[in-house]
Amino acid sequence: MLEETVLIEFNRQIGKDTWLMGFRSADLASLAKPGQFLMIHLDRNTKDPLLRRPFSIHRIQDRNQLMILYKIVGKGTLLLSSLKEDDPISVVGPLGNGFTISGPHERPLLIAGGMGIAPLFFIAQALNKIQKHTIKMFLGFSTSQEVVLVDQLKGLNIDLSLTTEDGSLGIKGLVTDLLDEYLRQELNKKPVIYACGPTLMLKKVAQKAITSNLRCYVSLEGCMACGLGICQGCAVKAGNSKDKPYYYVCQDGPVFSSEMIDWRAI
Ligand SMILES: Cc1cc2nc3c(=O)[nH]c(=O)nc-3n(C[C@H](O)[C@H](O)[C@H](O)COP(=O)(O)OP(=O)(O)OC[C@H]3O[C@@H](n4cnc5c(N)ncnc54)[C@H](O)[C@@H]3O)c2cc1C
Ligand code: FES
């Protein structure tokens, strides 16, 4: 784990309240794995917000350029969006465990809800390098204005299906509807599922995977004050562990195999 001050290379809006930021760090890029995250302090001189904010590593390109994809939801992300090229930010990471990458002959199925696309893009990059089968992805947003990165994902050789809740782009409905349909028709393909998005979406995906006996990895978002296993703010109830009643999303996750979590408690 490193703490580094990096200079922003770009920070631009790419969708409704959605921004893409890039910066360079050879050290962070060499350590980072898909599914890991960074704790970012926006400005050392400000006490508001005081705490670092967690963001998934969205992508690495040109060997040492890292990107985060973020949505403005509050004070910290609004401040982040105001930063310009060459502004410094302090970054701690890479943190967390990251995804277990499936083998070249397995069939990955990526399921992203909203900003869940942020870490799944990075794993799509990694899978694209090794996969023999087409990578399937279900991507869901509330409305067309929020839809981002579709062309870049298709460039990674992904067979993409898109939903919006209001039907303004793609298929009308929830991204989990696509999973229901897929499992009805193609369960025999035994996909390995990678999912990230709102917690209730993950609960539905995980429970489906458990009852269908499929391997499934979910990347959880918890409230994170420290990101280092100290504050206990990110605890989730364990589903199958005899000696560990809770997991810390920041240390034991953020990626969990679906049966590790007690979904009834969520
Ligand atoms: C491991 C991890 C990875 C993440 N990766 C990304 C990412 O790649 N892109 C991205 O846009 N966001 C990501 N998040 C969420 C992001 O950290 C929060 O949106 C951010 O901290 C909000 O900061 P803020 O100061 O703008 O909002 P705050 O003022 O702190 O909160 C504003 C509102 O957002 C809600 N909120 C804050 N954090 C979360 C959260 N984690 N989940 C749900 N609601 C929340 C609050 O309850 C409040 O209602 C991630 C979170 C975790 C734990
Ligand atoms: S964020 Fe503090 S223990 Fe996980």
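A short tour of the structure in this document, coming up.

The rules we used
- Residues numbered from 1 in each chain as written.
- Chains lettered and ligands numbered in written order.
- Predicted model: local features only at pLDDT ≥ 70, side-chain atom pairs only at ≥ 80, totals over all residues.
- Heavy atoms only, no water.
- Helix = DSSP H or I, 4+ residues; strand = E, 2+ residues; numbered from the N terminus.
- Buried < 20%, exposed > 50% of the residue type's maximum accessible area, 1.4 Å probe, protein only.
- Contact = heavy atoms within 4.5 Å.
- Lys, Arg positive; Asp, Glu negative; His and termini not counted.
- Charge placed at Lys NZ, Arg CZ, Asp CG, Glu CD.
- Pairing = 2+ DSSP bridges.
- Axes fitted to C-alpha atoms, helices over the stretch in contact; angles between N-to-C directions.
- Phe/Tyr/Trp six-rings, centres within 6.5 Å; stacked < 30°, edge-to-face > 60°.

1. A closer look at the overall build of the protein chain
For the protein chain, the helix and strand inventory stands at six helices and 16 strands. Buried residues in the protein chain amount to 53% of all 266 residues. Of the contacts formed within the protein chain by residues at least 6 apart in sequence, a portion of 63% connects residues at least 24 apart. Taken together, the 30 basic and 26 acidic charged side chains of the protein chain have centroids lying 5 Å from each other.

2. A short note on the sheet that holds strand 2 (residues 18-24)
Here we have seven strands laid out as an open sheet, ordered 4-3-7-1-2-6-5, and antiparallel in their pairing. Unpaired on one side and paired on the other, strand 4 (53-56) and strand 5 (59-61) mark the two borders of the sheet. Between one strand axis and the next, the sheet turns by 40° as a mean value, whatever way the strands run. Bridge count between strand 2 and strand 6 (residues 65-71): seven bridges; the pairing is antiparallel.

3. Observations regarding the sheet that holds strand 11 (residues 171-172)
One open sheet holds the seven strands; their spatial order is 11-10-9-8-12-13-16, and the pairing between them is mixed. Both edges of this open sheet fall to strand 11 and strand 16 (255-257), since each of them pairs with a single strand only. Bridge count for strand 8 (residues 108-113) against strand 12 (residues 192-196) is five bridges, and the pairing is parallel. Looking at the pairing, Leu 110 lines up with Tyr 194 of strand 12. Strand contacts of helix 5 (residues 175-186): strand 8, strand 9 (135-141), strand 10 (158-164), strand 11 and strand 12, with the helix running at about 145° to strand 9, the strand carrying the most contacts.

4. Overview of the packing of aromatic side chains
Summed over all chains, the structure comprises five aromatic pairs. Judged by centre distance (6.1 Å) and plane angle (65°), the ring pair of Phe 55 and Tyr 70 falls under edge-to-face. Here Phe 55, found in strand 4, pairs with Tyr 70, found in strand 6; they are 15 residues apart in sequence, far enough to count as distant. Like Tyr 70, Phe 55 is buried.

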